[in-house]
Amino acid sequence: MLKQGGNAIDAAVATTVAISVVEPFSAGIGGGGFLLMHRAKQKEMRALDFRERAPLKATRGMYLDAQGKVRPGASVDGHLAVGTPGTIAGLYEAHRQYGKLPWKTVIAPAIRLAERGFPVSHRFVESTRSRQEMLLKNPDARAIFTRNGQFYQPGQVLVQRDLAKTLSAIAQDPNSFYRGKVAAAIAQDMQANNGLITLEDLKQYRPIWRDPVCGNFRQVRVCSMPPPSSGGVHLLQILNLIGDTDLKSIGWHSPDALHLLIESMKIAYADRATYLGDPDFVKVPVRSLISPEYAKIRRQGINPRKATPSAQIKPGDPALIQRLSRESTETSHLTVVDRDRNAVSLTFTVNLGFGAGVVAKGTGIVLNNEMDDFAIAPNTPNAFGLVGDRANAIEPRKTPLSSMTPTIVTQNDQVKMAVGAPGGSTIITTVLQIILNVLVYDMNVRKAVASPRIHHQWQPELLMVERFGLDPLTINNLKQRGHQINERDGWGNANAIVVLPDGSLEGAADPRGEGVAAGF
Ligand code: GLY
């Protein structure tokens, strides 16, 4: 797209739709996402929310049984788990306003990939296996993602004819997803399978331009996605908690530096559980949560030598929040910087592997299970172990709280870095660590993305450490401070682009995933 004279938006839209074809297990047109862009000439940062919305018929207790207990799997498997998809509406809105190439041109590569097929990867195959029960049960998913019930092997070519037809209809008229034939097929499929989404839900869907959240960190300005993502707020909050601590001289991955990060993460995720939700439905105290003054007060609660048990870390005192308020495992990420230094950072998802595990009949569209990102009952962990309460309770048309953190860092109004990652609850801390690796530890972008990571989300009381990522002495030191460590295989599939002082670009995709960095 860039070689054809397109800009960062054209490239981002084309790549997003293409990923929908080749990575249906992680993200797609049956889901939603967030786009952050920086317009170089205008020095303007814009944020577009095209996340799924709860259907009009959704109710607070829709995943509970008659006794008020959560029905296992109800918010994750099948049609009831699906939120009204927003990807096509969002991409079209971004392209309508800022794209240079014709809409049909940016959709064309995805149609080709669906029509002609592509060799499936190991990751694809693993993902089908981990979701096999649902994929075999749903007739369209079975017909597309298996050969007579046998899952594809790596290297075998997957053709998606229905999806090619759907994308061709969208190339002709993007509204067909919300008002035309595609909409009718989705609504019929929902009705036939006890799903809640109707034609009215699709008709009413609108992407929303929101004010990005921004804050200063050292010499740079960090901007990211505001609510209904929690990503930007907590990224900035953790950067504020670190404040001017000289992490570099303390040492990268030294126990003291890690301890400060971990305790800061716990505070941020504790606030997330109470205060974050869809700002169109609840008042989210964004200003307070990202204010350096708030961070200073919370930082006083961090014991530099001992881990504070999560049970003792409470969300910020409402009176303090009020006082500071001056205002009324799967997922995919892509990053683009074009020749004019416009930047796009876009994260989108169908939530868990293959979303709800169902394909809307005749459309080839894998439907999301984003409803699980709501707090389906107070303090009941979702698939990522995240807890929440009233702020993120289900309501019709409400957007489930996300952790997606598409981020752009600028210095003197010029892009310095664009970054993002998939990974559910771990997205925020992944983006945080890549930013610190580049800005504080002076790593090149490849090393910054590849380096081992840690993650703590307050609840459960566990510090995730990438297997072999920390040396045994450091692990022992952290254990002695009271951290409960859980070593795991690497997570996240981040990518980032850094603009070097000479103006050239350095890009990197995560060695943990299948992305690539490309430029010309
Ligand atoms: N579905 C994961 C997230 O949006 O955070």
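To be clear, the structure that these remarks concern was listed above.
The structure contained in this document is the topic of the report that follows. (Residues numbered from 1 in each chain as written. Predicted model: local features only at pLDDT ≥ 70, side-chain atom pairs only at ≥ 80, totals over all residues. Heavy atoms only, no water.)

Okay, the site of the ligand next. The ligand sits among Arg 51, Asn 351, Glu 370, Asp 373, Phe 384, Ser 402, Ser 403 and Met 404. Asn 351 places a polar side-chain atom, nitrogen or oxygen, 2.7 Å from a nitrogen atom of the ligand. Contact between the ligand and Glu 370: a nitrogen atom at 2.7 Å from a side-chain N or O atom of the residue. When the ligand is considered free in solution it has 200 Å² of accessible area, and contact with the protein chains removes 99% of it. Class assignment of the residues belonging to the shell around the ligand gives a composition of two nonpolar, three polar and three charged. (Near = heavy atom within 4 Å. Polar contact = N/O pair within 3.5 Å; in protein donor to acceptor, adjacent residues only side chain to side chain. Areas by Shrake-Rupley, 256 points an atom, 1.4 Å probe, with all protein chains shown as cover. Nonpolar A, V, L, I, M, F, W, Y, C, P; charged D, E, K, R; others polar.)

Bringing the sheet that holds strand 9 (residues 220–224) into the picture now. Strand order in this open sheet of six strands is 8-9-14-15-19-20, and the pairing throughout is antiparallel. Unpaired on one side and paired on the other, strand 8 (213–217) and strand 20 (505–509) mark the two borders of the sheet. Direction aside, neighbouring strands of the sheet carry axes that sit 20 degrees apart on average. Summarising the sheet, strand 14 (residues 407–411) and strand 15 (residues 414–420) pair through five bridges and their orientation is antiparallel. Bridge pairing in strand 15 links Gln 411 to Gln 414. Contacts from helix 10 (residues 231–242) reach strand 8, strand 9 and strand 14, with the element oriented near 15 degrees to strand 8. Packed on one face of the sheet, helix 16 (residues 427–439) meets strand 8, strand 9, strand 14, strand 15 and strand 19 (495–499) and runs near 140 degrees to strand 15. (Pairing = 2+ DSSP bridges. Helix = DSSP H or I, 4+ residues; strand = E, 2+ residues; numbered from the N terminus. Axes fitted to C-alpha atoms, helices over the stretch in contact; angles between N-to-C directions. Contact = heavy atoms within 4.5 Å.)

Spatially, 7-2-1-11-10 is the arrangement adopted by the five strands of the open sheet, whose pairing is antiparallel. The sheet terminates laterally at strand 7 (208–210) and strand 10 (332–337), the two strands that pair on one side only. Geometrically, the sheet is characterised by an average inter-axis angle of 15 degrees between neighbouring strands, direction not taken into account. Here three bridges tie strand 2 (residues 44–50) to strand 7, and the two strands are oriented antiparallel to one another. Bridged to Ala 47 within strand 7 is Arg 210. Contacts from helix 1 (residues 8–22) reach strand 1 (32–39), strand 10 and strand 11 (343–349), with the element oriented near 155 degrees to strand 10.

Moving on to the environment of Asp 77. Following the sequence through the fold, Asp 77 ends up in the loop between strand 2 and helix 2 (87–98). Asp 77 gets classed as partly exposed once you look at its relative accessible area, which sits at 34%. Note: C-alpha distance between Asp 77 and Arg 131 (54 residues apart in sequence) is 9.9 Å. If sequence neighbours within four positions are ignored, Asp 77 has contacts with Arg 131, Met 134 and Ala 356. Of the polar contacts made by the side chain of Asp 77, one reaches the side chain of Arg 131; its length is 2.8 Å. (Buried < 20%, exposed > 50% of the residue type's maximum accessible area, 1.4 Å probe, protein only.)

Turning our attention to the nonpolar core. If you look at soluble globular proteins, the nonpolar side chains tend to sit buried side by side. Core analysis: the largest hydrophobic core is formed by 88 residues, its most contacted members being Val 222, Leu 432, Ile 435, Leu 436 and Ile 454. Considering each element in turn, this core owes the most residues, 12 residues, to helix 12 (residues 255–275). If we ignore the near neighbours within four places in the chain, the residues touching Leu 432 are Leu 235, Ile 238, Leu 239, Ile 242, Leu 261 and Met 265. In this structure, Ile 19, Leu 48, Leu 202 and Val 336 belong to the second largest nonpolar core, which totals 69 residues. (Core = buried A, V, L, I, M, F, W, Y, C linked by side-chain atoms within 4.5 Å.)

Time to look at the side chain of Thr 84. Tracing the sequence through the fold places Thr 84 in the loop between strand 2 and helix 2. The exposure class of Thr 84 is buried, given its relative accessible area of 2%. Apart from the residues lying within four places of it in its own chain, the contact partners of Thr 84 are Arg 51, Glu 52, Arg 53, Pro 55, Ile 197, Asp 201, Leu 202 and Tyr 205.

Our focus in this paragraph is the packing of aromatic side chains. The final tally for this structure, using the stated rule, is 10 aromatic pairs. Note on Phe 177 and Tyr 178: the rings are 4.8 Å apart at their centroids and 45 degrees apart in plane angle, and the pair reads as tilted. We note that Phe 177, like Tyr 178, is buried. Ring geometry for Tyr 178 versus Tyr 205: centroids 5.7 Å apart, planes at 25 degrees, classification stacked. Of this pair, Tyr 178 sits in the loop between helix 7 (161–172) and helix 8 (181–192) while Tyr 205 sits in the loop between helix 9 (199–204) and strand 7; the two residues are 27 residues apart in sequence, bridging distant segments of the chain. Each member of the pair, Tyr 178 together with Tyr 205, is buried. The rings of Phe 25, Phe 118, Phe 124, Phe 145 and Phe 354 are connected pair by pair, giving a single aromatic cluster. The ring of Trp 209 carries the charged tip of Arg 46 above its face, separated from the ring centre by 4.0 Å. (Phe/Tyr/Trp six-rings, centres within 6.5 Å; stacked < 30°, edge-to-face > 60°. Lys NZ or Arg CZ within 6 Å of the ring centre and 35° of its normal.)

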